[in-house]
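# Structure assessment
Listed here are the chains, written in short residue letters.
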Amino acid sequence: MNDPYETPETHLERLLGRALNSFDLPDATVERLDSALAHASSLHSSHHSGSLDRSIHRHAFLLSDGSALTLWELVHSTGPRAAEQHELYTEESEVRLAASRLPAGFPGFAEAGEPGGVTLTPFRTGPGEGPESAGAADRERPGGQSGPAAGLDADFTLLADLMAAPPAALPRMYVPDNSADHARRVLRRAENANRPGEETARMLRSSFAHHITQVSARQCLVAGKDAGFTLYEHAFLLLDGVETSLWEVEHTATPDGRHMCEVYTAEHTAREAMELRARVR
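How each quantity is defined
Residues numbered from 1 in each chain as written. Predicted model: local features only at pLDDT ≥ 70, side-chain atom pairs only at ≥ 80, totals over all residues. Heavy atoms only, no water. Helix = DSSP H or I, 4+ residues; strand = E, 2+ residues; numbered from the N terminus. Expected span 1.5 Å × (residues − 1). Buried < 20%, exposed > 50% of the residue type's maximum accessible area, 1.4 Å probe, protein only. Arc of directions from axis to C-beta. Pairing = 2+ DSSP bridges. Salt bridge = Lys/Arg side-chain N within 4 Å of Asp/Glu carboxyl O.

Further remarks concern helix 8 (residues 267-279). For helix 8, built from 13 residues, the straight-helix expectation of 18 Å at 1.5 Å per residue is met to within 8% by its first-to-last C-alpha distance of 19 Å. All of the buried residues in helix 8 are Ala270, Arg271, Ala273, Met274 and Ala278. In a view along the axis of helix 8, the buried residues occupy a sector of 155°, so they form one face of it. Facing away from the buried side of helix 8 by over 90 degrees, the exposed positions are His268, Leu276 and Arg279.

Counting buried positions along strand 8 (residues 260-264) gives 5 out of 5 residues, so the element sits mostly inside the fold. Judged by which residues are buried, strand 8 turns out to be covered on both faces: Met260, Glu262 and Tyr264 on one side and Cys261 and Val263 on the other are all buried. Inspection of the sheet shows strand 7 (residues 243-251) paired to strand 8 by 5 bridges, in the antiparallel sense. Bridge assignment links Trp247 to a residue of strand 8, and that residue is Tyr264.

The next thing to look at is the pattern of salt bridges. If you walk through the whole model with that rule in mind, you get 13 salt bridges. For Glu191, the salt bridge identified is with Arg258, shortest N-O distance 2.8 Å. Highlighted residues: Glu191 in the loop between helix 6 (179-188) and helix 7 (198-204) and Arg258 in the loop between strand 7 and strand 8, separated in sequence by 67 residues. Classification of Glu191 as partly exposed rests on a relative accessible area of 38%. With a shortest N-O distance of 2.9 Å, Arg277 and Glu262 are connected by a salt bridge. Of this pair, Arg277 sits in helix 8 while Glu262 is found in strand 8, placing the two residues 15 residues apart along the sequence. Looking at Arg277, the relative accessible area reads 28%, which means it is partly exposed. Among the residues examined, Glu262 registers a relative accessible area of 3% and is labelled buried.

If you want it as structure tokens, here you go:
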């Protein structure tokens, strides 16, 4: 709700103070918002279910130079008694992608047909897969295998699925939208020790357009817990016409089940990282 007595400065401080990812906002954007003269907030969309509440809010600011700037806020919680979490984005496409990555719908639940929405590949669980049927699958397998041998077969099947070649990609539609800053944020959230270094970061500073594609998604058991794996390609078009990509692995194969991002410069390296994470028991 809008507070008629709240100044744009106070409103911005409140947004930044509660956002988990406020450090990801471009510095130039925050500096421009310092000159805001007025603001208005509105509910853009919402989704409520037994396991997830999420809403997207639009915060528009009128700046001193007569231009307008919009922040998109994602508010979500995992139930009526759970604490709300807030995230801020500068683009509607980014907040929709973030909404599709929420844990309750990992790796995605964006509504099909929703304007600007991101449709992600659902998990596929076949006979003998998933926690509810794991015991029966280990007891009886085609060909009479059981016990450890059957477990090894299941592991190899899982790894084969993770390493499977993706379907033919659709033609890329590059978007000239502050792509150098997008590359900076992708590299910044990478937690793997062998993430791309300064040479890659320097090269991507000359990118002027980019395209994001979800390449694959999979859910499986890792150390007895559900874990999700999603592979994204962030393709960049540089000023000299060269195309290059960053490959982002997002997964929950962590001790506490939190989301973790790893970034690589080659697809095969990213898939090998997914394989390694899935093999950890």
